[in-house]
Amino acid sequence: MRAIHVTEFRNINDIALSDLPEPAIGPDQALVRVHAAGVGFVDGLKVQGLYQTRDPLPFIPGSEFAGVIERLGDNVQGFTVGERVMGLVWNGSMAEKAVIPARSMERIPEGVDFSAAAAASANYVTVTYALTELGKVRKGETVLVLGASGGIGCAAIQLAALLGARVIGAASSAEKCAFAREAGAQEVVNYGDPDWREQLKALTGKRGVDVIVDPIGGEIGLLAFRHMAWGGRFLVVGFASGQIPALPFNLPLLKGATLIGVDAAQLRLHAPELRAKAVAQVMAWLQSGALRPIVGGEYPLARFKEAFNALDGRAARGKIILRLDDLG
Ligand SMILES: NC(=O)c1ccc[n+]([C@@H]2O[C@H](COP(=O)([O-])OP(=O)(O)OC[C@H]3O[C@@H](n4cnc5c(N)ncnc54)[C@H](OP(=O)(O)O)[C@@H]3O)[C@@H](O)[C@H]2O)c1
């Protein structure tokens with residue numbers, strides 16, 4: 001089978017596709033013929049050995065998957081060969097076949113295609129957990145989404161809107177702001193403009209913003225905190241800007257506001273029941289058709305470098321997907 005096989009930590013541009021033998025499965029696992037895999041910021045870090053934890057070499061990257069069950073281990077119940085499944089694993093989905101623990105698979109709802117299913121498996125679950133359990137977003141509250149045209153940003157816009165919030169998307173260009181609006185933001189702010197805080201103030205008045213979703217960090221994240229409403233919740237999701245801001249402690253004090261960390265990887269370890277609740281919510285929204293994940297680009301396997309570079313170049317709009325059923 002064709003796979004991205006990382007034998008040394010390297011930039012994605014220095015990694016070649018490999019031909020590997022089909023993997024064996026254990027009794028609690030399934031062999032899934034992968035059709036689509038999500039390409040995330042984290043995957044780009046993992047292949048270079050720059051993620052918080054280093055994976056033992058060699059490994060196949062890719063955590064979000066959607067595909068068809070080809071074989072089932074003896075202990076697996078509730079699934080049949082040929083079913084379409086989606087989900088999230090630590091690694092391994094950027095290959096034509098992946099070994100998936102049965103507990104990590106969900107059935108793909110009717111009408112949801114493989115790319116949308118792969119796109120839904122991580123960002124949408126993470127953001128659902130963040131907005132509901134941590135941010136406790138209520139109907140009518142204002143949610144500001146930074147990095148609004150990216151994978152996390154689009155998910156946050158759609159999900160905050162589903163929760164009945166008034167959503168302001170913020171991004172670094174007029175074109176990205178237009179994309180955020182298409183994703184469902186009622187208002188947009190362009191933080192590429194020097195007067196972006198004035199634009200935000202004009203939209204939120206003296207009250208400020210109830211909840212901020214921040215996947216970028218840096219100066220924009222820090223300045224955004226200054227626009228929190230009394231009792232606001234600031235959700236720290238990531239640092240795509242490459243900078244971890246240092247928050248002066250007087251700001252949360254003055255606003256009665258809370259800074260809350262969101263980490264999907266730790267959620268799995270420390271509160272799997274909350275993760276399961278978020279997965280169930282996302283699956284219900286997919287099933288009812290209320291949620292249609294935004295796919296920003298689909299790349300055949302042979303063009304995997306372009307897919308990764310789309311994230312590096314700050315160019316991604318929505319979720320980037322690698323198609324393993326299209327060898328290019
Ligand atoms: N905590 C968690 O559980 C979790 C889960 C998933 C992802 N994350 C993290 O969240 C962050 C965003 O992930 P994503 O999937 O949304 O990524 P993405 O699709 O690439 O979007 C990132 C956004 O960040 C903005 N950005 C600002 N400075 C940037 C820079 N120097 N390089 C690239 N982008 C920059 C870009 O928008 P503008 O140009 O408009 O600023 C871009 O749209 C990453 O740090 C990722 O590791 C965390």
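Residues numbered from 1 in each chain as written. Predicted model: local features only at pLDDT ≥ 70, side-chain atom pairs only at ≥ 80, totals over all residues. Heavy atoms only, no water.

Asks: Would you mind showing me how to read the overall build of the protein chain here?
Replies: A count of helices and strands for the protein chain gives ten helices and 15 strands. Taking the principal axes of its C-alpha atoms as reference, the protein chain extends roughly 60 × 40 × 35 Å. Within the protein chain, the fraction of its 328 residues that count as buried is 56%. If you take every contact in the protein chain between residues at least 6 apart in sequence, the share linking residues at least 24 apart comes to 70%. Of the side chains in the protein chain, 33 bear a positive and 33 a negative charge, and the two mean positions are spaced by 6 Å. (Helix = DSSP H or I, 4+ residues; strand = E, 2+ residues; numbered from the N terminus. Buried < 20%, exposed > 50% of the residue type's maximum accessible area, 1.4 Å probe, protein only. Contact = heavy atoms within 4.5 Å. Lys, Arg positive; Asp, Glu negative; His and termini not counted. Charge placed at Lys NZ, Arg CZ, Asp CG, Glu CD.)

Asks: Help me understand the environment of Leu322, please; the structure alone is not making it clear to me.
Replies: In this structure, Leu322 sits in strand β15 (residues 319–323). Residues Leu322 and Pro300 lie 22 residues apart in sequence; the distance between their C-alpha atoms is 5.9 Å. Once residues lying within four places of it in the same chain are set aside, the contact partners of Leu322 are Ile4, His35, Ala36, Ala37, Val39, Met94, Tyr299, Pro300, Leu301, Phe304 and Ala307.

Asks: Honestly, the site of the ligand in this entry has me stumped. Any pointers?
Replies: Inspection of the region around the ligand gives 24 residues, with Ser172, Lys176, Tyr191, Val262 and Arg314 positioned closest. Interatomic distance of 2.8 Å between a backbone N/O atom of Ile152 and an oxygen atom of the ligand. Ala240 places a polar main-chain atom, nitrogen or oxygen, 3.4 Å from a nitrogen atom of the ligand. When isolated, the ligand has an accessible area of 900 Å², and the protein chains bury 87% of it. Listing elements by their share of the shell around the ligand, those giving two or more residues are α1 (41–47), α2 (114–134) and α3 (151–162). Among the residues making up the shell around the ligand, the classes are represented as 13 nonpolar, eight polar and three charged. Split by domain, the residues of the shell around the ligand number at least three in each of domain 1 (2–121 + 292–323) and domain 2 (139–262). (Near = heavy atom within 4 Å. Polar contact = N/O pair within 3.5 Å; in protein donor to acceptor, adjacent residues only side chain to side chain. Areas by Shrake-Rupley, 256 points an atom, 1.4 Å probe, with all protein chains shown as cover. Nonpolar A, V, L, I, M, F, W, Y, C, P; charged D, E, K, R; others polar. Domains from an automatic or database assignment.)

Asks: Teacher, can you tell me more about the UniProt feature "domain: Enoyl reductase (ER)" (unreviewed entry) in the protein chain here?
Replies: Residues given the UniProt feature "domain: Enoyl reductase (ER)" (unreviewed entry) here are residues 10–322. Between the C-alpha atoms that bound residues 10–322 the distance is 19 Å, and the span itself is 34% helix and 25% strand. (UniProt positions renumbered as here; feature names shortened; annotations may be inferred.)

Asks: Help me understand the packing of α3 against helix α4 (residues 174–183) in this model?
Replies: Two quantities define a packed helix pair, namely the angle between the axes and the distance from one axis to the other. Here α3 crosses α4 at 35°, and the two axes come no closer than 9 Å. The chirality of how α3 crosses α4 is right-handed. Contacts between α3 and α4 pair Cys154, Ile157 and Gln158 from the former with Phe179, Ala180 and Ala183 from the latter. Its residues assigned to classes, the contact of α3 with α4 shows five nonpolar, one polar and no charged. (Axes fitted to C-alpha atoms, helices over the stretch in contact; angles between N-to-C directions. Left-handed = near helix turned anticlockwise from the far one by under 90°.)

Asks: Please clarify how the pairing of strand β11 (residues 209–214) should be interpreted in this entry.
Replies: Remark: a regular strand shows side chains that alternate across the two faces of the sheet. Of all six residues in β11, six are buried; the element is thus mostly enclosed. Summarising the sheet, strand β8 (residues 142–145) and β11 pair through three bridges and their orientation is parallel. Residue pairing for β11: Val143 is matched across the bridge by Val211. Summarising the sheet, β11 and strand β12 (residues 228–236) pair through five bridges and their orientation is parallel. Each bridged residue has a counterpart across the sheet, and for Val209 the counterpart in β12 is Met228. A crossover connection joins β11 to the parallel β12 through helix α6 (residues 218–225); in handedness this β-α-β unit is right-handed. (Pairing = 2+ DSSP bridges. Right-handed = clockwise from strand over helix to strand, strands pointing away.)

Asks: Before we go on, may I ask you to explain the pattern of salt bridges in this structure?
Replies: Where charged atoms from two side chains of opposite charge come close, those side chains can pair. Taken as a whole, this structure holds 17 salt bridges when the rule is applied. The partner of Arg323 in a salt bridge is Glu298, with the nearest N and O atoms 3.5 Å apart. Taken together, the positions of Arg323 in strand β15 and Glu298 in strand β14 (residues 295–300) put the pair 25 residues apart, joining distant regions of the chain. With a relative accessible area of 15%, Arg323 lands in the buried category. Each of the salt bridges in this network shares a partner with another, and the network as a whole consists of Glu22, Glu70, Arg71 and Lys97. (Salt bridge = Lys/Arg side-chain N within 4 Å of Asp/Glu carboxyl O.)

Asks: When you look at the pairing of strand β3 (residues 29–39) in this model, what are you seeing that I'm missing?
Replies: Burial of β3 is extensive: nine of the eleven residues sit out of reach of the surface. As judged from the five bridges shared by β3 and strand β6 (residues 97–101), these two strands associate in the antiparallel manner. Note on β6: the bridge partner recorded for Ala30 is Ile100. As paired strands, β3 and strand β4 (residues 64–72) are joined by seven bridges and run antiparallel to one another. Paired with Arg33 across the two strands is Val68, which belongs to β4. Pairing of β3 with β15 involves four bridges; the strand directions are antiparallel. Residue pairing for β15: Val39 is matched across the bridge by Ile320.

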